[in-house]
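Each chain, written out:
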Amino acid sequence: MNQFIYKQASDIRALSASFNAFSYKKHAHAEYALGVTLNGIQQFSSMGNVQSSCPHGVILFNPHQVHDGWAHNQEKLDYVMIYVPEDKMQEAMNAKTPIQFKDSVVYNKTLEHLVYKVAVGVLNTCEAAVCEEYFEELVAHLDGSVEMIGFPNEQRRISIIKEMLHESKGEILRLDDVAQEVSLSKYQLIRLFKQSVGISPYQYYLSCRLERAKCLIEETKEVYTAVYSEHFVDVSHLNKHFKKVYGVTANTYAKSLIY
């Protein structure tokens with residue numbers, strides 16, 4: 001049986017997932033995502049490479065890093081994840097410029113323990129102050145043991161495109177406008193984006209719409225505002241795409257937030 005449980009506390013969202021016959025569609029999160037593989041082998045493709053996280057592996061995704069995910073050989077997979085807003089992470093690390101993880105999978109017992117501690121704290125609905133203390137412990141270790149790097153200059157054009165797609169709230173995607181902003185033709189933009197990110201600009205834009213829909217659901221605890229705001233045809237249309245990215249329908253996700 002596939003199971004996806006989401007909880008949120010102190011601006012940190014946590015996921016407890018257990019599945020075998022399920023695979024995530026390629027997508028990206030606006031937040032930093034940190035997870036621990038508890039059982040089984042979690043595989044995903046990102047930036048043109050397929051990687052694996054075995055038990056005790058720590059998964060580290062940067063904001064807007066496109067990835068998918070599945071259980072190796074459809075064997076049972078259990079893991080937890082936490083999603084931390086970009087500004088919260090930068091503030092906690094006292095970073096003046098954007099930062100990103102160098103590696104997507106690492107094996108570090110202390111880091112594994114601290115990520116798991118934050119996830120369990122949020123999932124068990126600990127008080128916000130307690131979750132903040134757990135998060136501070138995690139950040140202190142990240143600063144000392146996980147190498148982080150600034151965005152390379154060659155990625156700045158892609159970063160601008162991603163930002164424009166992410167900020168296109170309530171608008172129809174106009175590739176000509178985006179291409180003009182970065183001095184490319186529409187077809188150069190599509191080709192460059194797919195080569196660098198791994199999905200098309202439209203697929204990334206759909207991922208952004210789903211991310212915004214999720215945030216609206218978290219704010220309102222219902223799905224109709226998200227359907228209207230992000231121009232989905234109806235609830236079924238939103239549910240179809242939402243489940244491919246988050247493992248549950250938008251309706252189920254909204255119900256999980258009411259407790």
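Okay, so let's go over this structure. This one's a predicted model, so the numbers in the text were calculated from it and none came from an experiment. (Residues numbered from 1 in each chain as written. Predicted model: local features only at pLDDT ≥ 70, side-chain atom pairs only at ≥ 80, totals over all residues. Heavy atoms only, no water.)

### Description of the side chain of T37
In this structure, T37 sits in strand β4 (residues 32-39). A residue is classified by how much of its surface remains accessible, and T37, at 1% relative accessible area, is buried. Only 2.7 Å separates the side chain of T37 from the side chain of S53, close enough to count as a polar contact. With near-sequence residues (within four places) excluded, T37 lies in contact with Q42, S53, C54, P55, H56, G57, I59, L77, D78 and Y79. (Helix = DSSP H or I, 4+ residues; strand = E, 2+ residues; numbered from the N terminus. Buried < 20%, exposed > 50% of the residue type's maximum accessible area, 1.4 Å probe, protein only. Polar contact = N/O pair within 3.5 Å; in protein donor to acceptor, adjacent residues only side chain to side chain. Contact = heavy atoms within 4.5 Å.)

### A short note on the sheet that holds β4
One open sheet accounts for 6 strands, arranged β1-β2-β9-β4-β7-β11; its pairing is antiparallel. Of all the strands in the sheet, just β1 (3-9) and β11 (105-106) have a single pairing partner and so form its edges. Note that β4 and strand β7 (residues 58-61) share 4 bridges and pair antiparallel. Looking across to β7, one finds that L34 is bridged to L60. (Pairing = 2+ DSSP bridges.)

### A few points about the sheet that holds strand β5 (residues 42-46)
Spatially, β3-β8-β5-β6 is the arrangement adopted by the 4 strands of the open sheet, whose pairing is antiparallel. Each edge of the open sheet is held by one strand with a lone partner, namely β3 (23-27) and β6 (49-53). Across this sheet, the average inter-strand angle for adjacent strands is 20°, counted without regard to direction. (Axes fitted to C-alpha atoms, helices over the stretch in contact; angles between N-to-C directions.)

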